[in-house]
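For reference, the chains in residue letters:
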Amino acid sequence: MAWDWRKTGTHHEPGTQPADLEELFTNNCETIILSRGIENRLKTAVETRDLLQQRGMVLNQNYFILQSEDAKNVYNRLATENKRVCAIIHSTC
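The following paragraphs examine the structure supplied in this document. (Residues numbered from 1 in each chain as written. Predicted model: local features only at pLDDT ≥ 70, side-chain atom pairs only at ≥ 80, totals over all residues. Heavy atoms only, no water.)

**A closer look at the overall build of the protein chain**
Consideration 1: Scanning the protein chain from terminus to terminus reveals 3 helices and 3 strands.
Consideration 2: Order of helices (α) and strands (β) in the protein chain, N terminus to C terminus: α-β-α-β-α-β.
Consideration 3: For the protein chain, the share of sequence-separated contacts (at least 6 apart) that also reach a separation of at least 24 residues comes to 70%. (Helix = DSSP H or I, 4+ residues; strand = E, 2+ residues; numbered from the N terminus. Contact = heavy atoms within 4.5 Å.)

In structure tokens, the structure reads:
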């Protein structure tokens, strides 16, 4: 599914917004991967990190914030381990 980052007002700063994760939570993801783009320019808003932590998720355990290539690799690894993994991959910048 395509992610329209303009829909929730996401910009490089402050970055991925809590509203961007709604669909991921709706689909009961065990692990969430947020990419930062090829050049690591996309940030993740503090409120987004807070939301993940409030849901009991732990960085680099239940959620990851990675450069896009690394995000793809972690996603593929977890998917082959039959984990319920979801990702927002920002393919540019």
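**What to know about the packing of aromatic side chains**
Consideration 1: As enumerated under the stated definition, the model contains 0 aromatic pairs in all.
Consideration 2: Sitting over the face of the ring of Phe-25, Arg-55 holds its NZ or CZ atom 3.7 Å from the ring centroid. (Phe/Tyr/Trp six-rings, centres within 6.5 Å; stacked < 30°, edge-to-face > 60°. Lys NZ or Arg CZ within 6 Å of the ring centre and 35° of its normal.)

**Quick notes on the pattern of salt bridges**
A pair can form between side chains of opposite charge whenever their charged atoms are brought close.
Consideration 1: Tallying each qualifying case throughout the model produces 2 salt bridges.
Consideration 2: Across the salt bridge formed by Lys-72 and Glu-69, the nearest N and O atoms sit 3.0 Å from each other. You can see Lys-72 and its partner Glu-69 sitting in helix α3 (residues 68-80), 3 residues apart, about one turn around the helix.
Consideration 3: Note on Lys-72: relative accessible area 36%, which makes it partly exposed.
Consideration 4: A salt bridge links Glu-81 to Arg-77; the shortest N-O distance between them is 3.5 Å.
Consideration 5: A residue is classified by how much of its surface remains accessible, and Glu-81, at 40% relative accessible area, is partly exposed.
Consideration 6: Given a relative accessible area of 42%, Arg-77 falls into the partly exposed group. (Salt bridge = Lys/Arg side-chain N within 4 Å of Asp/Glu carboxyl O. Buried < 20%, exposed > 50% of the residue type's maximum accessible area, 1.4 Å probe, protein only.)

**Side note on the sheet that holds strand β2 (residues 63-66)**
Consideration 1: With parallel pairing, 3 strands are arranged side by side in an open sheet as β2-β1-β3. The open sheet terminates on both sides in strands that have one partner only, identified here as β2 and β3 (85-88). With direction set aside, neighbouring strand axes in the sheet form an average angle of 15°.
Consideration 2: Where strand β1 (residues 31-35) and β3 come together, 4 bridges link them in parallel fashion. Within β3, the position partnered with Ile-32 by the bridge is Cys-86.
Consideration 3: Against the sheet, helix α2 (residues 46-54) contacts β1 and β2, and its axis sits at roughly 155° relative to β2.
Consideration 4: Lying over the sheet, α3 contacts β1, β2 and β3, oriented at roughly 160° with respect to β1. (Pairing = 2+ DSSP bridges. Axes fitted to C-alpha atoms, helices over the stretch in contact; angles between N-to-C directions.)

Don't take any of this as a statement about function, it's just geometry.
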